[in-house]
Amino acid sequence: MIETISQPWPWYVAGALIGLIVPALLLLGNKHFGISSNLRHICAACIPSNIPFFKYDWKKESWNLFFVGGILVGGFLSAQYLGSNEPIQIHPDLAKELAAYGITDFSGMVPVQLFSFDSLFSAKGLIMMIGGGFLVGFGTRYAGGCTSGHAIMGLSNLQWPSLIATICFMAGGFIMANFILPYILSL
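- Named according to an unreviewed UniProt entry, the protein is YeeE/YedE family protein originating from Aquirufa beregesia.
- Per UniProt, the comment on the protein under Subcellular location (unreviewed entry) is "Cell inner membrane".
- Quoted verbatim from the Sequence similarities (unreviewed entry) field of UniProt, the annotation for the protein is "Belongs to the TsuA/YedE (TC 9.B.102) family."

Encoded structure:
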């Protein structure tokens with residue numbers, strides 16, 4: 001059993017399990033799936049203020065906080081007990097392309113040359129971590145949700161705004177990966 005759950009699952013198994021979350025949530029309590037709304041719930045619970053955006057009954061959505069807590073606990077347990085000492089395997093063509101940008105260490109979950117305290121204080125690190133974090137947060141708020149809420153829940157509910165948001169997410173990801181990221185990595 002441990003051998004089975006410690007290996008990467010095929011997309012058709014993991015995707016089906018994620019897809020089954022939507023009808024389960026709708027059938028069990030008419031709940032909507034999304035991750036980014038939890039930051040709003042946490043702020044509403046922890047920061048008592050007169051900001052209208054945080055004045056609502058966040059306790060009705062507390063189940064979602066348990067869901068995110070389960071994601072964090074599951075991620076921690078899998079990293080501690082199901083991890084592998086093997087380096088992350090990437091396609092040789094991608095490894096060759098990344099090596100041209102000085103990224104060669106794939107021993108962890110993310111390349112050390114990009115995601116470490118040393119690289120944080122470089123131009124590349126500031127743009128990717130601080131700028132990227134700001135853009136993700138702003139985009140999530142502007143779009144009214146994140147990719148999990150729009151692409152998984154919104155599309156399965158046939159919501160037009162979710163289709164538009166998902167198309168924009170995909171177009172933005174394509175533009176970033178193919179045009180902007182190579183420029184940032186060459187800094």
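Having seen it, we continue.
A short note on the UniProt feature "transmembrane region" (unreviewed entry) in the protein
Then comes step 1: Per the UniProt annotation, the sites labelled "transmembrane region" (unreviewed entry) are residues 12-30, 63-83, 126-143 and 163-185.
Then comes step 2: With 95% helix and 0% strand, residues 12-30 has end C-alpha atoms that lie 26 Å from one another.
Then comes step 3: Secondary structure within residues 126-143 divides into 100% helix and 0% strand; the distance between the first and last C-alpha atoms comes to 24 Å.

Focus on the packing of helix α2 (residues 11-29) against helix α8 (residues 147-156)
Then comes step 1: Here α2 crosses α8 at 55°, and the two axes come no closer than 10 Å. If you check the angle between α2 and α8, you find them oblique. With respect to the hand of their crossing, α2 and α8 are arranged in right-handed fashion. Between α2, through Ile18, Val22 and Leu26, and α8, the contact on the second element is made entirely by Ile152, Met153 and Ser156.
Then comes step 2: In terms of residue class, the contact of α2 with α8 is built from five nonpolar, one polar and no charged.

Topic: the confidence of the model for the protein
Then comes step 1: In this model, the protein carries a mean pLDDT of 88, and residues with pLDDT of at least 70 account for 100%.
Then comes step 2: In the model of the protein, helix α1 (residues 2-6) stands out as the element of lowest mean pLDDT, 78, in contrast to helix α9 (residues 160-185), which has the highest, 94.

Section: helix α7 (residues 123-143)
Then comes step 1: In a regular helix each residue adds 1.5 Å, so 21 residues correspond to 30 Å; α7 covers 28 Å between its end C-alpha atoms and thus fits that length.
Then comes step 2: The principal kink in α7, of about 30°, is found at Gly132.
Then comes step 3: Taken together, the buried positions of α7 are occupied by Lys124, Gly125 and Thr140.
Then comes step 4: Where α7 is buried, its residues contact α6 (117-120) and α9.
Then comes step 5: One or two residues past the end of α7 sits Gly144, with phi positive at roughly 75°.

A short note on the domain arrangement of the protein
By a widely used convention, the size of an interface equals the accessible area lost when the partners come together.
Then comes step 1: One can read the domain layout of the protein as domain 1 (1-85) and domain 2 (116-187).
Then comes step 2: Computed from C-alpha atoms alone, the centre-to-centre distance between domain 1 and domain 2 is 19 Å.
Then comes step 3: Domain 1 puts ten residues into the contact, and the matching count from domain 2 is ten residues.
Then comes step 4: Between domain 1 and domain 2, roughly 770 Å² of surface is buried when both sides are summed, and carbon and sulfur atoms account for 73% of that area.
Then comes step 5: Sorting the residues of domain 1 by area buried against domain 2 places Val22, Phe33 and Ser36 first, and these three jointly supply 54% of that buried surface.
Then comes step 6: The tally of links between domain 1 and domain 2 comes to zero salt bridges.
Then comes step 7: Where domain 1 packs against domain 2, one counts one residue pair in polar contact (both at pLDDT 80 or more).
Then comes step 8: Classifying every residue of the side of domain 1 that touches domain 2 by side-chain character gives six nonpolar, three polar and one charged.

Observations concerning the packing of aromatic side chains
Then comes step 1: In total, this model carries five aromatic pairs according to the counting rule given.
Then comes step 2: Measuring from ring centre to ring centre gives 5.8 Å for Phe138 and Tyr142, while their planes differ by 15°; the resulting arrangement is stacked. Taken together, the residues Phe138 and Tyr142, both in helix α7 and four residues apart, mark about one turn of the helix.
Then comes step 3: The residue whose ring lies beneath Arg40 is Phe53, and the NZ or CZ to ring-centre distance is 4.2 Å.

Brief notes about the environment of Leu82
Then comes step 1: Of note, Leu82 is situated in the loop between α4 (62-81) and α5 (92-100).
Then comes step 2: Relative accessible area serves as the criterion here: at 23%, Leu82 is assigned to the partly exposed category.
Then comes step 3: The sequence separation of Leu82 and Ile2 amounts to 80 residues, and the corresponding C-alpha distance is 7.7 Å.

Definitions and limits used
Residues numbered from 1 in each chain as written. Predicted model: local features only at pLDDT ≥ 70, side-chain atom pairs only at ≥ 80, totals over all residues. Heavy atoms only, no water. UniProt positions renumbered as here; feature names shortened; annotations may be inferred. Helix = DSSP H or I, 4+ residues; strand = E, 2+ residues; numbered from the N terminus. Axes fitted to C-alpha atoms, helices over the stretch in contact; angles between N-to-C directions. Parallel < 35°, antiparallel > 145°, perpendicular 65-115°, else oblique. Left-handed = near helix turned anticlockwise from the far one by under 90°. Contact = heavy atoms within 4.5 Å. Nonpolar A, V, L, I, M, F, W, Y, C, P; charged D, E, K, R; others polar. pLDDT = per-residue confidence, 0-100. Expected span 1.5 Å × (residues − 1). Bend = angle between axes of the 7 residues up to and from the residue. Buried < 20%, exposed > 50% of the residue type's maximum accessible area, 1.4 Å probe, protein only. Domains from an automatic or database assignment. Buried area = accessible area lost by both parts, 1.4 Å probe. Salt bridge = Lys/Arg side-chain N within 4 Å of Asp/Glu carboxyl O. Polar contact = N/O pair within 3.5 Å; in protein donor to acceptor, adjacent residues only side chain to side chain. Phe/Tyr/Trp six-rings, centres within 6.5 Å; stacked < 30°, edge-to-face > 60°. Lys NZ or Arg CZ within 6 Å of the ring centre and 35° of its normal.

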